[in-house]
Amino acid sequence: MELIWYLGGPCLGAFLFQLLIGCRTACRPLRYVPLYAFLLTLLFGLMALRGDAGFFVGLNAAAALLWWLIGACILAGYGLAHFVCRVQQNNQ
């Protein structure tokens, strides 16, 4: 159940942000906030992968994989919002 929150929450957050703010703003940096979040998750995953796991060998790879999955969900929500915006623009 927690995995749904970890992966569905960022996807829904990126989708709603892009749909409600990103598609309607004239400010170009606001249009790409979910992409910035995606890049941050890639960076955090890389930091987790290169970090010292200490006694628990392999947990840094699991943490990096979780960060990258969250980033992929953010990217999926961003792409879905762009698709919805394009469909709405074509129907008007």
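Within each chain, residues carry numbers counting from 1 in the order of the written sequence. Where totals are concerned, whole chains, interfaces and linings use all residues; where local detail is concerned, this predicted model gives features only for residues with pLDDT of at least 70, and gives and counts side-chain atom pairs only at 80 or more. Where side-chain values are given, they derive from all heavy atoms of the structure, hydrogens and water being excluded.

Q: Honestly, the packing of helix α1 (residues 2-22) against helix α4 (residues 59-91) in this entry has me stumped. Any pointers?
A: The relative placement of two packed helices is expressed as an angle between their axes plus a distance between the axes. Angular values range over 0 to 180 degrees, each being the angle between N-to-C directions of two axes fitted as lines to C-alpha atoms, with helices fitted over their stretch in contact. Secondary structure follows DSSP: runs of H or I at least 4 residues long count as helices, runs of E at least 2 residues long count as strands, and numbering of each begins at the N terminus. At their nearest, the axes of α1 and α4 sit 7 Å apart, and the two run at 35 degrees to each other. The two elements α1 and α4 cross, and the hand of that crossing is right-handed. Together, Tyr6, Leu7, Pro10, Cys11, Ala14, Phe15, Gln18 and Leu19 of α1 and Leu69, Ile70, Cys73, Ile74, Ala76, Gly77, Tyr78, Leu80, Ala81, His82, Val84 and Cys85 of α4 make up the contact between the two elements. In this classification, Asp, Glu, Lys and Arg are treated as charged, Ala, Val, Leu, Ile, Met, Phe, Trp, Tyr, Cys and Pro as nonpolar, and every other residue, Gly included, as polar. Tallied by class, residues from the contact of α1 with α4 come to 17 nonpolar, three polar and no charged. Here is the rule for handedness: rotate from the far helix to the near one, and if that takes an anticlockwise turn smaller than a right angle the crossing is left-handed, while a clockwise turn gives right-handed. Any two residues having at least one pair of non-hydrogen atoms within 4.5 Å are treated as being in contact.

Q: Would you mind showing me how to read a nonpolar patch on the surface here?
A: A contiguous nonpolar patch, built from Leu39, Leu40, Leu42, Leu43, Phe44, Leu46, Met47, Leu49, Leu65, Trp67, Trp68 and Leu69 and spanning about 1100 Å² of accessible area, is present on the exposed surface. Those elements that place two or more of their residues in the nonpolar patch are α3 (33-50) and α4. In terms of residue count, the dominant contributor to the nonpolar patch is α3 (eight residues). Relative to the assigned elements, Leu40 resides in helix α3. Patch membership is restricted to residues that have no salt bridge and whose relative accessible area is over 30%. Joining uses 9 Å for like charges and 5 Å for the nonpolar side chains Val, Leu, Ile, Met, Phe, Trp and Tyr. Calculation of accessible area relied on Shrake-Rupley with a 1.4 Å probe; when residues are assessed, cover is drawn exclusively from the protein chains displayed. Here, a salt bridge means any side-chain nitrogen of Lys or Arg that lies within 4 Å of a carboxyl oxygen of Asp or Glu.

Q: Before we go on, may I ask you to explain the packing of aromatic side chains in this structure?
A: For any pair of aromatic rings, geometry is given as the distance between the ring centres together with the angle between the planes. Pairing of aromatic rings covers Phe, Tyr and the six-membered ring of Trp, with a centre-to-centre limit of 6.5 Å; geometry is then stacked below 30 degrees between planes, edge-to-face above 60, and tilted otherwise. Under the criterion given, the structure shown has one aromatic pair. Seen in terms of ring centroids, Phe44 and Trp67 are 5.0 Å apart; in terms of plane orientation they differ by 65 degrees. Their pairing is edge-to-face. Taken as a pair, Phe44 in helix α3 and Trp67 in helix α4 lie far apart in primary sequence, 23 residues in all. Three labels apply to residues, based on accessible area from a 1.4 Å probe with only protein chains included: buried if under 20% of the type maximum, exposed if over 50%, partly exposed otherwise in between. Among the residues examined, Trp67 registers a relative accessible area of 33% and is labelled partly exposed.

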